[in-house]
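Examining the three-dimensional arrangement
Residue strings, one per chain:
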Amino acid sequence: MEHLAMAWRLRSLPKPENKQLFAFLCRAADLAGLPRTDWELEVLFVGDRAMARYNTEIVGHTGTTDVITLSYFEAACPVLPGETAVQLIVNPLAALREGERRKNSDYATELARYLIHGLLHATGRSDLDPKSRSSMRRSELRILRHLASENLFPAEIFPSKPL
């Protein structure tokens, strides 16, 4: 991954710094197994209403969700250098709620997990059955731990103080 296009559409939470987010996502994409070629990642951060709309339009599901992944690596036409290969639509409000509910977690960790989850989907991984879901969770945790060992900490990238 060589390029990141990010849009932050939330007023209630602080936007991450592009440089830190780019470093985190580059390394996470590498650890997830995405190609090391010249491609762009687009990340759109939205709230519940927008996410529910995207979930209906793109996935065909009702209600909000945490992350939606669109990957063009397997498309009929190959991804050319500099083109968008992966789009992630991420809901930080879901991360805020889940981080409060989940034991041993927080907003930043959940948001990082959603990004990693989306990147794993971009590699073709599925989580539709219990076995693949469990495998995906183990991969998310492995990548989170590896990123932390390289000083790429979610809490430094995603400040949780509401604006």
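Our subject is the structure that appears above.
Let us look at the structure shown here. (Residues numbered from 1 in each chain as written. Predicted model: local features only at pLDDT ≥ 70, side-chain atom pairs only at ≥ 80, totals over all residues. Heavy atoms only, no water.)

Comments concerning the sheet that holds strand E2 (residues 40–45)
Read from one edge to the other, the open sheet built from four strands follows the order E1-E2-E4-E3, with strand pairing classed as mixed. Lying at the two open borders of the sheet, with one neighbouring strand each, are strand E1 (3–8) and strand E3 (67–71). Each adjacent strand pair in this sheet contributes to an overall mean axis angle of 10 degrees, direction not counted. Pairing analysis gives six bridges linking E2 to strand E4 (residues 84–90), with the strands arranged parallel. Looking across to E4, one finds that Phe 45 is bridged to Val 90. With respect to the sheet, helix H2 (residues 48–59) is in contact with E2, E3 and E4, its orientation differing from that of E3 by roughly 40 degrees. (Pairing = 2+ DSSP bridges. Helix = DSSP H or I, 4+ residues; strand = E, 2+ residues; numbered from the N terminus. Axes fitted to C-alpha atoms, helices over the stretch in contact; angles between N-to-C directions. Contact = heavy atoms within 4.5 Å.)

Some points on the pairing of E2
Of all six residues in E2, five are buried; the element is thus mostly enclosed. Taken together, the six bridges between E1 and E2 define a ladder with parallel strand orientation. Considered in E2, the bridge of Trp 8 is made with Phe 45. (Buried < 20%, exposed > 50% of the residue type's maximum accessible area, 1.4 Å probe, protein only.)

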